[in-house]
Structures are given as structure tokens and as C-alpha cells.
Amino acid sequence: MTRQEFRSALKPITDGLFGKQNTRGYERPKFTVRPLEEMLKDLADIPVEEWYGYAFSREPLNGKFTDEQRRDWMRKSLDCGREYAQKVRKEYGTSDPVKLADSLSMSVSYPEVPDKTDRVLFAEYRIPNKICIYMDAVNKANKLLLEPQVLEILTEELDVCRLLLSHELFHFVEETYRQEIFTQTEKVRLWSLGFLHNDSIVIALSEIAAMGFAKELMGLSYSPYLMDVFLVYGYSPQEASGLYEEMMELSGRKNHNYKLI
Ligand SMILES: [Zn+2]
């Protein structure tokens, strides 16, 4: 994938940006471009548990769940991510995802852009032990972080590259503990007939836990889900503004905190 192809593949954003989640089949309307720092300020104020609407909006099975179920899973998945972050930190004596990846014998590479055009991602984990962090997106985000107002909101704790690495490391940890970890043992029954049944994992749980894991390792005060807006902004302020509106609406903040412009 060339940088140009990567950029055009980002429009419209129809996928979960960190994970392998399902696409949604509609064309995004045109959105008014908003100042980055205003959007980040609003998003950083949303308590982590209240991101469940957005977290499940990319989940292929979302239509089958009640709001109560989503909220419960949000809490449990965040706890799961936090718990495993504490576990690996204790075991390896560090919160630095680069050192953790090394201790876990991961092979981490930092190509500029993905080599395939079928998925738009900023980072990815490939079974068994490969992680790719795409540096074109990281470099763009780092440029935006030079703006003092943006840095003030996202704080000195944020290291974009390490945050993406932490998220992907969780997917490896999840693979290692798949027999016992909540995100893999929690299943929904898709159908049953007599003694036959088909159960499925819920992809959103893994993504939520990966965000909880990354948040804990990096010591961030806000939900890493806001990175979707931050990383997309480097490519398309308009798409980022659209995502922002979606996040505000899905966290129950419609017409609440943001001005009409
Ligand atoms: Zn993920």
C-alpha cells in the first residue's frame, strides 16, 4: 500500500480502527470540521465506562444485545484489560510495552503503511507473535502533539507508538491465556437445536479490554478510544469531526457540550 492509497482508504472510515471489526454499509454525510483541541477536550471528559455505545457500534453482533448487557460487558472487559496489564507488569517488572514485547519474544516491526489495501489499520497483531505499528499515522499524530493545547489535553503520558503497541500486546496476551481470559471465555449463543448449538465470542470485548490494558500500562486518565479521532485527524479533519460527533452521540452527549458551528 502506498501512502496515497492509505490516505484514500481512510475515507470514509467504516471500520474499527484498531481491530478486525465489521464494516458498516453507509456513506458518511459531510461534517463540519471542528478544531482538534475542542474535540479532544470533550472526548477526554467522557468517563471510560461511558464509551460502551461507541465500543459496541463496530461489533457485528451488536443488534443482539441489550444496553444493560453492553454496559455490564464494558465494565468487565475494562477490568479484564486492567487486571492483565497489572499481571504482566508484575511478572516482567516494567510498564514499558517495548520492553514487555521484548520479554514476551514478540517480533515488532514499524513499517510506514500496511502492505495490503483491504484493511485500514494503524497497528495490527498477527498470530503467533508479530506486531506491526504503522509509522505514517504515528508520525502525523506526533506532529499534532507538538501543539501545546493538544499536548495539555492528551498529557505527557501519551506516547502514540507505545499506546498502539500496548493495545496489540493485549491481543497476544489474550491468545496466551485464551482458555481462561474473560474476553475469550465469555460467549453468546447464536443458535441451538436439540443438543447442537453454536456459540461465538464477542469481538468488542477484546477491543475494550485491549483499550483497558493500554490505558493501565500507559497511565492515561482518558479512554484510548479517543485516539480514533486523533489518528484520523492527521489524514482527514472532516472524517475525524464525523467520528467525534458519533462518539458524542453514542455516549449520550448529543447537543450537550459541543457548539453548533
Ligand atoms: Zn485490537
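Provided above is the structure to which this section pertains.
Residues numbered from 1 in each chain as written. Predicted model: local features only at pLDDT ≥ 70, side-chain atom pairs only at ≥ 80, totals over all residues. Heavy atoms only, no water.

This paragraph deals with the overall build of the chain. Within the chain one finds 12 helices and 5 strands. Relative to all contacts within the chain whose residues are 6 or more apart in sequence, the contacts with residues 24 or more apart total 71%. Total accessible area on the chain stands at roughly 12600 Å², and carbon and sulfur atoms take up 48% of it. (Helix = DSSP H or I, 4+ residues; strand = E, 2+ residues; numbered from the N terminus. Contact = heavy atoms within 4.5 Å. Areas by Shrake-Rupley, 256 points an atom, 1.4 Å probe, with all protein chains shown as cover.)

Take unusual backbone geometry next. With an omega of 5 degrees, the peptide bond between Ile127 and Pro128 qualifies as cis. Positionally, Pro128 belongs in the loop between strand E2 (123-126) and strand E3 (130-133). For Ser105, which is not glycine, the phi torsion reads 55 degrees and is therefore positive. With respect to the helices, strands and loops of the structure, Ser105 is situated in the loop between helix H5 (97-103) and strand E1 (107-109). Even without glycine at this site, Thr155 takes up a positive phi of about 70 degrees. In this structure, Thr155 sits in the loop between helix H7 (148-154) and helix H8 (160-176).

Bound to the zinc ion on the protein side are His167 (NE2), His171 (NE2), Glu207 (OE) and Glu207 (OE), at distances that span 2.1 to 2.7 Å. Note that the zinc ion binds 4 donor atoms; their angles at the metal cover 52 to 132 degrees, and the shape is irregular. When the donors of the zinc ion are listed by position in the chain, the intervening gaps give H-x3-H-x35-E. One end of the pair is His167 and the other is His171, both in helix H8 and 4 residues apart, which spans about a single turn. What makes His167 buried here is its relative accessible area of 1%. (Donors = N, O, S within 2.8 Å, 3.2 Å for Na, K, Ca; no water. Tetrahedral: all angles 85-135°; square planar, octahedral: opposite > 155°, others 65-115°. Buried < 20%, exposed > 50% of the residue type's maximum accessible area, 1.4 Å probe, protein only.)

Turning next to the sheet that holds E1. Spatial ordering of the open sheet is given by E1-E3-E2, a layout of 3 strands whose pairing is mixed. Each having just a single partner strand, E1 and E2 make up the two edges of the open sheet. Neighbour-to-neighbour, the strand axes of this sheet turn through a mean angle of 15 degrees, independent of strand direction. As paired elements, E2 and E3 share 4 bridges and run antiparallel to each other. Bridging from a neighbouring strand, Arg126 pairs with Lys130 of E3. Strand contacts of H8: E1, E2 and E3, with the helix running at about 20 degrees to E2, the strand carrying the most contacts. (Pairing = 2+ DSSP bridges. Axes fitted to C-alpha atoms, helices over the stretch in contact; angles between N-to-C directions.)

What follows is about the pairing of strand E5 (residues 196-201). As defined by bridge partners, strand E4 (residues 187-193) adjoins E5 across 6 bridges and the pair is classed as antiparallel. Its bridge partner being in E5, Lys187 is matched across the sheet by Ile201. With antiparallel pairing between neighbouring strands as the criterion, E4 and E5 make up a hairpin whose turn holds 2 residues, including Gly194 at a positive phi of roughly 60 degrees.

Further remarks concern the environment of Phe122. Looking at the element boundaries, Phe122 is found in the loop between E1 and E2. Looking at Phe122, the relative accessible area reads 0%, which means it is buried. As a C-alpha pair, Phe122 and Ala137 span 15 residues in sequence and 6.4 Å in three-dimensional space.

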